[in-house]
Amino acid sequence: MRPLVFAARSLRREFRHAELATLAAALVLAVAALAAVATLASRVEHALLASAAELLGGDLALGASQPLPPEFAAEAQRLGLASHRLVEFPSVLFAGEHSKLADVRATAAPFPLRGRFSVRDAHGVEHAAQTPPSGTLYADHAVLVALGLGVGGSVQLGDRAFVIGGEIASAPDNGDPFRIAPRVVMNLADAEAAGLLGPGSRTRQRLLVAGDERAVAAFAAWAKPRLPAGGRITTLADAQQNLQGAFERGESFLRLAALLAALLSGVAVALAAQRFARRKTDEVALLRCLGAGRGEILAALLLELALLALPACLAGLALGLGLQELVLRLAGGLLPGAPPPLPWAPPLAAFAVGVAVLFGFALPPLLRLRDVAPLRVFRRDTGTRVRRFDVLYLLPVGVGALLVALGAGNARLALTLGAGFAGIGVVTFVLGLGLLRLVRVIAARLHGALRFGLANLARRRALSLLQAGALALSLTALAVLGVVGPSLLERWRADLPPDRPNWFLINLQPEQRAPLQARLHELGAGNVKMLPLAVGKLVAINGQAPKLAEADDRRGESAVNGEIRLSWSEALPPANRLLEGHWPALQPAQPELSVERGWARLFGLKPGDRVSLSVGEREIVATVTSLREVDWTSFHPNFFLMLDPASGAGLPHSYVASFHLAAAGDALAALSRDFPNVSLIDLNAVLDRVRDIVGRVTQAVTWVLGFSLLAGVLVLLAALAATADERRIEAALLRTLGALRRQLSVAVLAEFAALGLVAGAIAVAGAATLGSVLARQVFRLDGYAPPLLPLAAIVLGAALVVALAGWIGTLRIARAAPLAVLRRG
Amino acid sequence: MSERTETVLTATQVSKIVDGPDGRLTILDDVTLAVARGDSLAIVGASGSGKTTLLGLLAGLDRPSSGSITLAGACLDALDEEARARLRRRLVGFVFQSFHLLPALSAEENVMLPLELDGRADARERAGEALARVGLERRRHHYPHQLSGGEQQRVALARAFVHAPQILFADEPTGNLDQRTGAGIGDLLFALNREHATTLVLVTHDGALAARCAHRLTLRAGRIDGSGA
Ligand SMILES: Nc1ncnc2c1ncn2[C@@H]1O[C@H](COP(=O)(O)OP(=O)(O)O)[C@@H](O)[C@H]1O
Ligand SMILES: [Mg+2]
């Protein structure tokens, strides 16, 4: 026996049987889902990172609140680096009745160092641009719309009039993809002449440098110790990290959805393989009888699988890559710059995972074939020893665990997810078992075809559970994203109090407090809250250099090295809750500190610990007296660290305020003119932007979840194929006894509609539970009721789709000739 | 019995030809027969002689290539498969060699099936009676896999007679059973047949069982063997 020839021949003969086709389809689906998601994620990430330099506008940025001494630019020049100065400040533009707050960048040529800067002229034609000539501004579309102007129009900025020289088409973004205010670019000399950069104005000075990588590194090393207080270096890595952080959560979500599809496909593979093995049993027994060795038989079987897997995985790869290309084209606007090159690692990994899924899930039943006794040829009932447990079944479980671990990329997350999956599995199992028992009870009370259909479902319990589980899992994921998520966001928005702060105001100087308060009162602003703000650095904890409780925490990294914002207040501010200890006293002997719970966890802080902070020239050692929980969704200014008022008052500080003002418009423009150093932030715009991003991510994820639903349906079809012979005989018997075709259809529809209902009910229960947990834990909504009507619609829809799929799958069976029964006998 | 013997089943010059891989194959060739009401006919013959094929044609499970069959006054040629199904469930009972109980249904539910397919309301009651008649009233709620072969065939007999069919078709009903159990099933089959005055068409290998029928017909390679009977 030559295994390869034999394998090729059997594959050709057997492909028309449902199980090999199912196996191939499952593989195609698993590889396609993984390849599409992993490749897309990697390309988007690559694009974001590659664009970091473009977004930053240079290879390195120095930032400070005062103009940087000239020796910085001189040093850059000495190192052979190009550099340019950029001053940023918020300011309001006026045109007749209209006004608009914008992020102004005043630059000197050459601009930009990195990235593309282009504007559209009055005819909408795009040109590459430089620093605008004197007397001219370039502005974002949003500014032009708000001011009711076109290119060529005239605006007031500071105490001068300017002409709009063009509409910004693309410009470096300073590494901030979540920029709020629209941009205006102007000439640096103009900004000085218009009195926009005078003392008291709220400017951010930047020096951007670009050039040879080593020279940039040398410059960074030189500049670091010489930076003025509050100064900051932003490297490419920093800019990348910002972007990456924003992207990572969405990405891990997508990867998990793809994994779910792969695992469900694995179930379909296992079902098909089992059936394949059962059918092969007789053939193997005969071959053994005729003298084939175990090794030869196994080799032939494995080769047959491999011959099937190779083209299936390749087809999956092609499908997946095609899909991700399509998504990339369709969502092109999401990505800056040209589409990044196709990476080779993710498709390769998807391919490997496809093979692992096949062998992991298909090997156990096939390896059993090795043990088939040749005697089976004579007596059918020998050698079908049923083993309840097989070590080999750990193989698919192991592959599954590996997939999750790879996808999560982090051991703890993997464990959590694994436990989550297992938990859902157990709950699905128990719930499904109960529901099937209910089906059985109901079936006993029904008649004829209906009873027969339902009884069928209850009898094939293991298979029904598997199908229900696979469908329920994918439906839950869909219901959470499609129904529960949006309803939560909606409810959360609706739940916001009508006077919730919608404006934020920062950089208010202490002496401006009273006049500003009076002004806000005059404007009719409500819910005004004002808190001091001091910016410092973490120096030590209990006299030691601060050390993170968890090593790879990015948030912690910035807590150790970045700025820390401090505040103080006589009483516990709203949206804060004391968990432990007491609120800092008014006049304590030693400085006292209240720490937010999450921040405390970063460093393993507890009451009694001493935290050393430096603010400006001052250093302060405060004792932690309480831990707090903060509702970050409250729209009030909130702080990780809050001192006692006496200690705080001694630190250099400004104020932040939040307030509610319904129709802001011109009144705020006037306010911003009178308090030029103060920055206003429109929270409505932030909310809209957040919603927009969440919406897009959700959409992308829903697409990927479509894969897992497909995989769920595939499991259904695999199970259907596994029972096809049995169903054919039963249908023929019923026909013989005089059942009409309609009655057979009713039986099948009842069976699968019940299956869909069971799966749908589990999914709705799962989605509703998840929704309630999210509502309490994340959104802090009391008494959130999941939208039962849309969820019920999902159950019914699922039942309908599953019933239809089952019915179509058995159409051929219902047409079975009654004579088949006699022939079987 | 009435003086005039009324025929309930006739086959006239029935042939069955199938297309095999090596050309056409005649399985049944020019078979003509008639069975009177309440009569019993045994069809015997070697394996492969066409017995099952003939039974299937007589019961309306398949169509002959030529010739015609009349069942309880209805000409089967004129009826489509749905109409024949309707006819079967009212007039015909079946017993098979390998029992063919539905594994999803309990013994009682299996027996109820023909009545329910016909939309009868008293199905459960009548099924209970039928099971009691075959001595299985205490196994009503058991499933096929919980019953022995002989017990399964008794359930099948209950199912075959529960709707009092005019005519019963049995294809080697004892073929899968040991001799003693087979004999018991044979006894039960003929007892029920007498009680219900059912017309019986029985395919069997078992000479003793065939001998209990009023008439015998031997098939040889698809033709009626005239030397038998
Ligand atoms: N659909 C078919 N195609 C080809 N040959 C068939 C078909 N059905 C039955 N036969 C052949 O017809 C002959 C009679 O079969 P059957 O009626 O089952 O015989 P019996 O029941 O007497 O053993 C056999 O040789 C069988 O192989
Ligand atoms: Mg036969």
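Relevant structure appears above.
As the structure is a prediction and not an experimental result, all values here were calculated from the model.

1. Quick word on the overall build of chain A
Alright, step 1. When you go through chain A residue by residue, the secondary structure sums to 24 helices and 21 strands.
Alright, step 2. Put simply, chain A has 825 residues, and 50% of those count as buried.
Alright, step 3. A separation threshold of at least 6 residues defines the contact pool for chain A, and within that pool the share at least 24 residues apart is 82%.
Alright, step 4. Here chain A has roughly 37,500 Å² of accessible surface; of this, 61% comes from carbon and sulfur atoms.

2. Observations regarding the overall build of chain B
Alright, step 1. Across its full length, chain B holds seven helices and ten strands.
Alright, step 2. Counting the 229 residues in chain B, one finds 55% classified as buried.
Alright, step 3. A sequence separation of at least 24 residues applies to 69% of the contacts in chain B between residues at least 6 apart.
Alright, step 4. Of the roughly 10,000 Å² of accessible surface on chain B, a fraction of 47% belongs to carbon and sulfur atoms.

3. Some points on empty space enclosed by the protein
Over the atoms, a rolled probe matching the size of one water molecule traces out where space is still vacant.
Residue and element names in this part refer to chain A.
Alright, step 1. This structure, assessed with the given rule, holds seven cavities of 30 Å³ or more.
Alright, step 2. Roughly 150 Å³ of volume is contained in the largest cavity.
Alright, step 3. Looking at the largest cavity, it is lined by 14 residues, and the ones nearest its centre are F452, R727, A731, V748 and I813.
Alright, step 4. Mapped by element, the contributors of at least two residues to the lining of the largest cavity are α13 (448-459), α21 (724-736), α22 (741-777) and α23 (788-814).
Alright, step 5. Residue classes in the lining of the largest cavity are distributed as eight nonpolar, three polar and three charged.

4. Side note on the packing of aromatic side chains
All names here are of chain A.
Alright, step 1. Applying the stated criterion across every chain yields a total of six aromatic pairs over all chains.
Alright, step 2. With a centroid separation of 5.8 Å and an interplanar angle of 55°, the aromatic rings of F117 and Y138 are classed as tilted. A residue pair is termed long-range when its members are at least 10 positions apart, and F117 in the loop between β3 (98-107) and β4 (118-120) and Y138 in strand β6 (residues 136-139) qualify at 21 residues.
Alright, step 3. Cluster of aromatic residues (ring-pair linked, three or more members): F72, F219 and W222.

5. Side note on the pairing of strand β10 (residues 204-210) of chain A
Residues and elements named next belong to chain A.
Alright, step 1. Most of β10 is tucked away, with six of its seven residues classed as buried.
Alright, step 2. Taken together, the five bridges between strand β1 (residues 60-64) and β10 define a ladder with antiparallel strand orientation. In the strand pairing of β10, L60 is matched with V209.
Alright, step 3. The pairing of strand β2 (residues 82-95) with β10 spans seven bridges and is classified as antiparallel. Residue H84 lies in a different strand from β10, and its bridge partner there is L208.

6. Remarks on the site of ligand 1
Alright, step 1. As a matter of local geometry, ligand 1 sits amid R823 of chain A together with V18, I27, A46, S47, G48, S49, G50, K51, T52 and T53 of chain B.
Alright, step 2. One of the side-chain N or O atoms of T52 of chain B is found 2.7 Å from an oxygen atom in ligand 1.
Alright, step 3. Here an oxygen atom of ligand 1 and a side-chain polar atom of T53 of chain B are 2.6 Å apart.
Alright, step 4. A total of 560 Å² of accessible area belongs to ligand 1 in isolation, and the protein chains cover 62% of it.
Alright, step 5. Among the elements that line the shell around ligand 1, the one with the most residues is helix α1 (residues 51-58) of chain B, at three residues.
Alright, step 6. Grouping the amino acids of the shell around ligand 1 by side-chain chemistry returns three nonpolar, six polar and two charged.

7. Regarding the sheet that holds strand β8 (residues 199-203) of chain B
Residues and elements named next belong to chain B.
Alright, step 1. Spatially, the six strands line up as an open sheet ordered β6-β7-β8-β3-β9-β10, and their pairing is mixed. Of all the strands in the sheet, the pair left with one neighbour each is β6 (92-95) and β10 (223-224).
Alright, step 2. Bridge count between strand β9 (residues 215-220) and β10: two bridges; the pairing is antiparallel. If you follow L219 over to β10, its bridge partner there is I224.

8. A few points about the sheet that holds strand β2 (residues 23-36) of chain B
Residue and element names in this part refer to chain B.
Alright, step 1. Spatial strand order, β2-β1-β4-β5: four strands in an open sheet with antiparallel pairing. For this open sheet the edge positions go to β2 and β5 (74-75), each flanked by a neighbour on one side alone.
Alright, step 2. Packed onto the sheet, α1 meets β1 (7-20), β2 and β4 (66-71) and runs at close to 60° relative to β2.

9. Some words on the interface of chain B and chain A
Alright, step 1. Counting residues at the interface gives 29 residues for chain B, matched by 29 residues for chain A.
Alright, step 2. For the pairing of chain B and chain A, the buried interface totals around 2,900 Å² over both sides, and the portion due to carbon and sulfur atoms is 63%.
Alright, step 3. Across the chain B-chain A interface, the total number found is two salt bridges.
Alright, step 4. Where R735 of chain A meets E82 of chain B, a salt bridge forms, and the shortest distance between an N and an O atom there is 2.9 Å.
Alright, step 5. Applying the counting rule to chain B against chain A returns eight residue pairs in polar contact (both at pLDDT 80 or more).
Alright, step 6. Every element with two or more residues in the side of chain B that touches chain A is listed here: α1, α2 (81-91) and α3 (107-117) of chain B.
Alright, step 7. No other element matches the six residues that α2 of chain B contributes to the side of chain B that touches chain A.
Alright, step 8. In the side of chain B that touches chain A, the residues fall into twelve nonpolar, six polar and eleven charged.

10. Focus on the nonpolar core
Alright, step 1. Formed by 53 residues in total, the largest nonpolar core has its most connected members in L23, V269, L358 and L369 of chain A.
Alright, step 2. For this core, the secondary-structure elements that each account for two or more residues are α1 (3-14), α2 (18-50), α8 (236-289), α9 (294-330), α10 (345-368), α14 (461-495) and α20 (683-722) of chain A.
Alright, step 3. Looking at this core element by element, the count peaks at 14 residues for α8 of chain A.
Alright, step 4. Contact partners of L23 of chain A, with chain neighbours within four places excluded, come to V269, A272, A273, L305, L308 and L358 of chain A.
Alright, step 5. Residues A449 of chain A together with V14, V31 and F96 of chain B belong to the second largest nonpolar core, which totals 49 residues.

11. Comments concerning the pairing of β4 of chain B
All names here are of chain B.
Alright, step 1. Bridge count for β1 against β4 is five bridges, and the pairing is antiparallel. Considered in β4, the bridge of S15 is made with S66.
Alright, step 2. Pairing of β4 with β5 involves two bridges; the strand directions are antiparallel. Within the sheet, the bridge partner assigned to T70 lies in β5 and is C75.

The rules behind the values
Residues numbered from 1 in each chain as written. Chains lettered and ligands numbered in written order. Predicted model: local features only at pLDDT ≥ 70, side-chain atom pairs only at ≥ 80, totals over all residues. Heavy atoms only, no water. Helix = DSSP H or I, 4+ residues; strand = E, 2+ residues; numbered from the N terminus. Buried < 20%, exposed > 50% of the residue type's maximum accessible area, 1.4 Å probe, protein only. Contact = heavy atoms within 4.5 Å. Areas by Shrake-Rupley, 256 points an atom, 1.4 Å probe, with all protein chains shown as cover. 1 Å grid on protein atoms, 1.4 Å probe; cavity = no way out; pocket = protein on both sides within 12 Å on 5 of 7 lines; lining within 4 Å. Points joined across faces, edges and corners; volume = space filled by probe spheres on them. Nonpolar A, V, L, I, M, F, W, Y, C, P; charged D, E, K, R; others polar. Phe/Tyr/Trp six-rings, centres within 6.5 Å; stacked < 30°, edge-to-face > 60°. Pairing = 2+ DSSP bridges. Near = heavy atom within 4 Å. Polar contact = N/O pair within 3.5 Å; in protein donor to acceptor, adjacent residues only side chain to side chain. Axes fitted to C-alpha atoms, helices over the stretch in contact; angles between N-to-C directions. Buried area = accessible area lost by both parts, 1.4 Å probe. Salt bridge = Lys/Arg side-chain N within 4 Å of Asp/Glu carboxyl O. Core = buried A, V, L, I, M, F, W, Y, C linked by side-chain atoms within 4.5 Å.

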